[in-house]
Structures are given as C-alpha cells and as structure tokens.
Amino acid sequence: MSRKYLTQAWCVLLVTGISLSCMAQKTIPSYHQEIESLMSKMSVEDKIGQLIQENGDQGHDGSIKAGQVGSVLNVVNPQAIHRMQQLAVDSSELGIPLIFARDVIHGFKTIFPIPLGMAASFNPDLVQQSAAIAAEEAASVGVRWTFSPMVDVSRDPRWGRVAETFGEDPYLHARMGTAMVRGYQGEKLSDKTSIAACAKHFAAYGAAIGGRDYNTVELPENVLRDVYLPPFKACVDAGIASFMPSFNEINGVPSSGSAFLLDQVLQKEWGFNGVVVSDWESVIQLQTHGFTDSEKESAYQSFMAGTHMEMNSKAYANKLRELINEGRISMEKLDDAVRRILRMKFELGLFDDPYTHTADFPPMLNDHNKALAKAVATESIVLLKNEKNILPLTGFKGKIAVVGPLADSPHDQLGTWIFDGDKADAITPLTSLRDLFGSKNVNYAAGMAFSRSLDKDLFPEAIEAAKNSDVILVFIGEESILSGESHCRADLGLPGIQEEFIRQLAETGKPMVAVVMAGRPLTFESVFDTFDAVLYTWHLGTMAGPAIADIVSGKVSPSGKLPITFPRHVGQVPIYYSYKNSGKPASDATWERLYEIPPEAPQLSIGNTNHYLDYGFEPWFPFGFGLSYSTFEYSDINIQDPEVSMGDSIVISAHLKNTGSVKATEVVQLYVRDLVGSRTRPVRELKGFQRITLEAGERKKVVFRIHTSELGFHNLDMEYVTEPGAFKAWIGGSSGADLGIDFSVN
Ligand code: NOJ
C-alpha cells in the first residue's frame, strides 16, 4: 500500500502570505488499495450513490439499502443514526458506511460564543479546544462531519451571518479557522472523538452587496485573492477534509458552478484532495441564478466545476447517469469524486467501525466543557467604555438593578446556529449575578419582554428597580434571531424601544452599565453617553452568565478586542481598518462638518477629502479595540534589522507595561503597511497578535517574527509578490496604534 507520510512542521504559507503554525499533517494513510478494491466492485449507480447527501431520518431506508446514499445530514439521535448505518452496512450490497453530518457551528450541546465573539478573544488555543469539545460531543452521538469553520471575511455588519464569521480580517480568520480545523479533526480523523471539518462558504459570501444574504458579489480577482481566499487556503494547509461552495455568485458565476473557484483555485492551485459538498440545494439553484436552464445542466455545471456531493436536492441522483451515458461526464471524473468521499470515510475509520459507542464518551456538558465555554466567553467580552472606573464592582456592597430584555434570556444568549444547544442548560447573567452578589442585593425587572418589544408596560417596574439600587446593569442588544442566515438588517440600531428605555433609566441618575448582547456591531451612539461603562458581549453561549459575572465583579479583567470595525452609523458601511488611503485622505482638519458649512457656501473642488459631511471618516470603534480594568503602555518599538533582505524574517519588538493596579491581559497587535505598491496597499494590515498577561507594574518585551513572504499581494499579473521597498510597522493595542517604525525590504 502506498502511504504518504507528511511530517509535523511549522509552515510558512507562501502563497497566501500568512504565516501559520500548520496542523500536524502526519502519517495520513492514502487507503489507495482499499479504495481501489472497493471501486472495482462498484457500478455507476453505486458510485453516484456516494455523491448523494440526504436530509433527516425519514424516507431514505430504501435508497440506503440500494446503496444510493453516501451521507445524511441533520440526524442526531444516536439510535436513528445506528439504525440507518446498519441499513447501509448490513443491507446494502457493498456495505459502504454512511457519514452523518451536522452544522456544529459553535458547540454541540455545550454552546460556545458565536464565532464573531470567539474571534474577539484573539485566542486561537482556546478556540481550538472549544472545537475539540464540540467534536467530541457531536461524535458521541454519531455525527462525524461538521459544516464548520465558516471563514467568510465580512466587512458588513448588516449581513446576518457576520455573527458566524471571525470578523473583517483575513489574518484573524485564518488563525481562528485553522484553530477550529485542528480542534475538530484532532490528531487524526480516525480518532473516535474527531470529526471532519468543512471550510465554508467558498467564496466571498460575506461580500454580498448591501449585506443582504445570498446577494450578488462583484469582486476584482486581486481582492478576492488578497482578502477573501487566504483563510480558505490556510484551512487547506491545515489539512481540512472538506469544502462547501457559497450560495452567492461572484462576477456572474455562482460558486457551486464555478470552475475557477473549485477546479482552478481549490484543486489545481492549492492541491486540495478532499470532498466538496454543495450547500443546501445550491446545485439546483444554479438554474434560479439564471446560470443554467435545467436540472440536468445544473448537475453538469456543478459536477464539472468540482462539487463532489450534492446536499439535499436531487440533480446528481436524477441526471448524472444520463450525463455519463452521453459522454459529457467521464468515468474518470466520477471516479475522482467517489474516491474522495470514500477516502474521507476511510480516514474517519468508518470502515473499521461504522458505529458509535456513546457510552465510551464522557457526558456532554461536563464540568470541563462548561469551564472551557466559560473561559472562551470571558475572553470574548470587550470593554468599550469605563468612565471613572465604575467597573469592576469588586466587593460592591450596595444594591444592583439588573434590567433589560436580555438579562435573563437563556435562548438568546446561545446565539444563532445552535441546532443542538438547549436553553435549559444556559446560565443567564441574572442567575450568576444573584449567585455572586446575593439574591437580596439584586433588583431584577426585565423592563422589556424582548429586544424588539414596542410595549412600555414593563418600564415602570424596571425604573422602580433602578431607583431602589445603587448601580444599574442594563442588558440590551439583539435577540439571537436577529442575526444568522438570512437575518440581515438595514438598520444597525438597538431594535424596539430600547433607546427610550435606556433614557428613562438614565433619568434615575444612577450609575449605569450597559451589557450588550448581539450578533453583530450595533450602533447606539445616541445613548452611549448615558452609560458609565459598556461591555460588548456578543452571544456568549451556555456560560454567558458566569462569564459576565466574572467580568462585572472584577474576578477577571476584560481582554477581548473587536474583530470588526464598529461604525457610528450604518451609512458608513462598509467601513474597515485596512482601507486604502485614496488620493485625498480625510483628516480632522479637512473634514467639513455638516452643520458648520455656511448656507450658500461655494462648492469648490480644491482642498476636498474623502469624508462624509455628517459622519466624518472614522469609525465609532476601530478593529482591535478593547479596554481593560488596567492600563497598558507601549514603548521602545524596535526592529532587529531595518533593512531586510527579501526571503528573510523581520523581527519587530516593543515593550508592554501594565501601568494599572490589577493583573490583566492585553492583545498585542502587529500591523504593517507597504508604503508603495504596483497596486496600492491598505493603510494597515494585521500581521500578528499575542495575548500577554502582566501583573500590575510588570513590563515585558513582546517580539514578533514575520517573513517577507507575508507582506505580499496579488499584482497586476495576478502573481503573489512581495515588492521591495519601504514599509512601516506598528505595535499596539488596536488598529489605531501609533507606535510605529520604518523598515525596508530589499
Ligand atoms: C445552508 C447554510 O448556508 C450552510 O452554512 C449550512 O451548512 C447548510 N445550510 C446545512 O445546514
């Protein structure tokens, strides 16, 4: 048997320009002989059967017995899985096991923060551990394939699925996405606790026009390659087992039928040898897009482009045989798809033991899992404001008003895509705050039944609770149903009458802390001043309550940083930190403010810059921003050699000092700008980050090492190049860091 051995290595990904610690790709058997021996026994129908993914546990028994199903999604009952697997293994002629798939997105039973929240932790190690837990829990019922990670860079908070992303940055996406791949797939896929991961949605799904789900994407190829593809390439390099094309079209070609994406880029350029599974009915949607005129042509275009398995719709089942008979699809092409699917099943060990022995697994939602969920949730919280150090409430002796529609909303704190999570397992902030401060010290009144409520009937109770307290914790934001697939918003404000609720609470004159739960950045600048402190907590999952309580009480200092730029107004979208300078960059000095322009002022064309009259040019909060209960000082930025030779590493360092009075963690970020390019380059790009924990007063040197290949981009000839010339680097606590140093690459 020919076996391919890959060594464990730290790799630098030259093509993407992203330096990542690559997954240990080791000792992966090719199963060549086993696959070929099985293939020799398979009829064309058997082969087509492997390309079919059915939904649910009803109505497929006959086709499973006939060997016409390769995979099943959305069955999580272990008995149902066992029964269907038995049919495949014992009653079909070839006994090829099924692979059961599920959307395990941010946890299975133990729910972790939504991916956007996890990204705020800037902690890939914890994210990897969370994925490992999700894998173990899912595998314990027989699910061996998840449609995650989603590595869709998105710069549009209107898009509902931004909640499922790791934010706006390709580098952060690559780090988090590969961490999840490592977590799901473990040391080796054949481990009973490992599940196959799936990079989705390939590609540029997050660039839908207007932030409206499934919408058209118009994107120049260099932007696609520089911004949207690198996280996917990183997943390939991390050994991911599968890919899913996106629902959207890019430049007129829907991804499920895109030979450019699936064949040229994924297979030929990146050498991906795993499975491409369509998105839900995305094969037949090629016709709806207006890309094909029939189910048969949809099957043809999708299969020829490189979609190996069809999810739910029946174009492959109905039409592939005909297309093969007509000679339009070759046996070679069919065999290639079947081999990939069989290989995934062999790698998962399904041929050795197709059944799951649930009793061999630790219980779901065990203490370890919950502790990890709490740790990730705690690190995902971003402190946006803390005037007069109102937080933390360490040793607080007075009464605390806990109000707002999301203080005790176990369903909503779980976030979007939690098919298997149960609100009964969720610990809410109200419960944890009562535990921590004592029930008699907590005055609770929701004030609003849910975030979109337009009813003021419950206001008085909450105002009363506030009046009887010494501090108000107000839990505002969005219910989980307001983000996620197809749940996009044109308005990023607080829904319902939350602003009015906040204003009435503020009239009590009590200090007020906002705890915002949301699946996206929200804009609420008009009531921001009413708060003394603001914690942005996303949807934190099962352990939201204990995590928020630890932050509020000061047991832990906040360390989360924004993985996406917060606009002041939705009209600024798309707004992101790695923009281009333009020929007329805006500045505070040149911004003509809407209400300062005199009536009938002459319209000039000189001295103008690229701002909005009303909202200027800056975001509300920049990417990478997040406060702490301590303060940090950056100094002494240094570069080992300011004249770097092409092909060498660049070693940049700075000193970080905890200048506050409590132990705290800071996410130290490295940004670089290529000052002159044959194509203009963004004003900054994230190239590294490290979480550094320091005791009060402690100082540490933080060193980053990057390779010149990580400074490249796709030039006019669509080649990935690092161009020699002048660069600038910054080290600091957000994308607005001002401690910089010049260097050149020669
Ligand atoms: C549609 C979604 O786009 C995708 O992310 C998901 O994995 C599939 N449905 C399966 O549920």
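Thresholds applied
Residues numbered from 1 in each chain as written. Predicted model: local features only at pLDDT ≥ 70, side-chain atom pairs only at ≥ 80, totals over all residues. Heavy atoms only, no water. Domains from an automatic or database assignment. Buried < 20%, exposed > 50% of the residue type's maximum accessible area, 1.4 Å probe, protein only. Helix = DSSP H or I, 4+ residues; strand = E, 2+ residues; numbered from the N terminus. Pairing = 2+ DSSP bridges. Salt bridge = Lys/Arg side-chain N within 4 Å of Asp/Glu carboxyl O. Right-handed = clockwise from strand over helix to strand, strands pointing away. Near = heavy atom within 4 Å. Polar contact = N/O pair within 3.5 Å; in protein donor to acceptor, adjacent residues only side chain to side chain. Areas by Shrake-Rupley, 256 points an atom, 1.4 Å probe, with all protein chains shown as cover. Nonpolar A, V, L, I, M, F, W, Y, C, P; charged D, E, K, R; others polar. Phe/Tyr/Trp six-rings, centres within 6.5 Å; stacked < 30°, edge-to-face > 60°. Lys NZ or Arg CZ within 6 Å of the ring centre and 35° of its normal. Patch = residues over 30% accessible without salt bridge, like charges linked within 9 Å, V, L, I, M, F, W, Y side chains within 5 Å.

Here the chain is described as being made up of domain 1 (367-553) and domain 2 (632-745). Here the C-alpha centroids of domain 1 and domain 2 sit 35 Å apart.

Further remarks concern the pairing of strand β9 (residues 198-202). Of all five residues making up β9, five are buried, and the element is well covered by its neighbours. Sheet topology note: the β9/strand β10 (residues 242-245) ladder contains four bridges and is parallel. Bridging across to β10, A199 finds its partner in F243.

This brings us to the pattern of salt bridges. Under the criterion given, the structure shown has 33 salt bridges. With a closest N to O distance of 2.7 Å, D156 and R158 form a salt bridge. Accessibility classification places D156 together with R158 in one group, the buried group. K561 is the salt-bridge partner of E666, the closest N and O atoms lying 3.0 Å from each other. Residue E666 is found in strand β24 (residues 664-674), and its partner K561 is found in the loop between α21 (544-553) and β21 (632-639); the two are separated by 105 residues along the sequence. E666 sits in the buried class, given a relative accessible area of 5%. In this structure K561 comes out as buried when scored by relative accessible area, which is 3%. Three or more residues are tied together by salt bridges with common partners; here these are K296, K319, E322 and E326.

Next up on the list: the sheet that holds strand β5 (residues 52-55). Spatially, β8-β7-β6-β5-β14 is the arrangement adopted by the five strands of the open sheet, whose pairing is parallel. Each edge of the open sheet is held by one strand with a lone partner, namely β8 (145-146) and β14 (310-311). By the bridge criterion, two bridges tie strand β7 (residues 99-102) to β8 in an arrangement that is parallel. When the bridges of β8 are listed, A101 appears paired with W145.

Okay, the pairing of strand β19 (residues 512-517) next. Of all the six residues making up β19, six are buried; the element is thus mostly covered by neighbouring parts of the structure. Where burial is concerned, the two faces of β19 agree: the one with M512, A514 and V516 and the one with V513, V515 and M517 are both buried. In this structure, strand β18 (residues 471-477) lies alongside β19, joined through six bridges in parallel fashion. Note on β19: the bridge partner recorded for I472 is M512. Tracing the backbone out of β18, into helix α19 (residues 498-506) and back to the parallel element β19 gives a crossover that is right-handed. Both β19 and strand β20 (residues 533-536) contribute to a ladder of four bridges, which runs parallel.

Moving on to the site of the ligand. As a matter of local geometry, the ligand sits amid D103, F147, R161, K200, H201, M244, F247, D279, W280, M311, W417 and E485. The separation between an oxygen atom of the ligand and a polar side-chain atom of D279 is 2.6 Å. Contact with the protein chains removes 95% of the 300 Å² of surface that the ligand exposes when unbound. The class makeup of the residues in the shell around the ligand is six nonpolar, one polar and five charged.

Here we take up the packing of aromatic side chains. By the definition in use, this model includes 31 aromatic pairs. The residue whose ring lies beneath K200 is W417, and the NZ or CZ to ring-centre distance is 5.4 Å.

Take a nonpolar patch on the surface next. Together, L594, Y595, I597 and L613 make up an exposed nonpolar region whose accessible area comes to about 400 Å². Among the secondary structure elements, Y595 is positioned in the loop between α21 and β21. Judged by its relative accessible area of 78%, Y595 is exposed.

We now examine the environment of E461. Tracing the backbone through its elements, the reader meets E461 in helix α18 (residues 459-467). When the C-alpha positions of E461 and V277 are compared, they lie 52 Å apart, and in sequence the two are 184 residues distant.

A few words on the sheet that holds strand β25 (residues 685-694). Here five strands make up an open sheet; going across it, the order is β22-β30-β29-β24-β25 and the pairing mixed. Of all the strands in the sheet, just β22 (643-644) and β25 have a single pairing partner and so form its edges. Pairing of strand β29 (residues 725-732) with strand β30 (residues 740-745), which is carried by six bridges, proceeds in the antiparallel orientation. Opposite A726, over in β30, you have S744 as the bridge partner.

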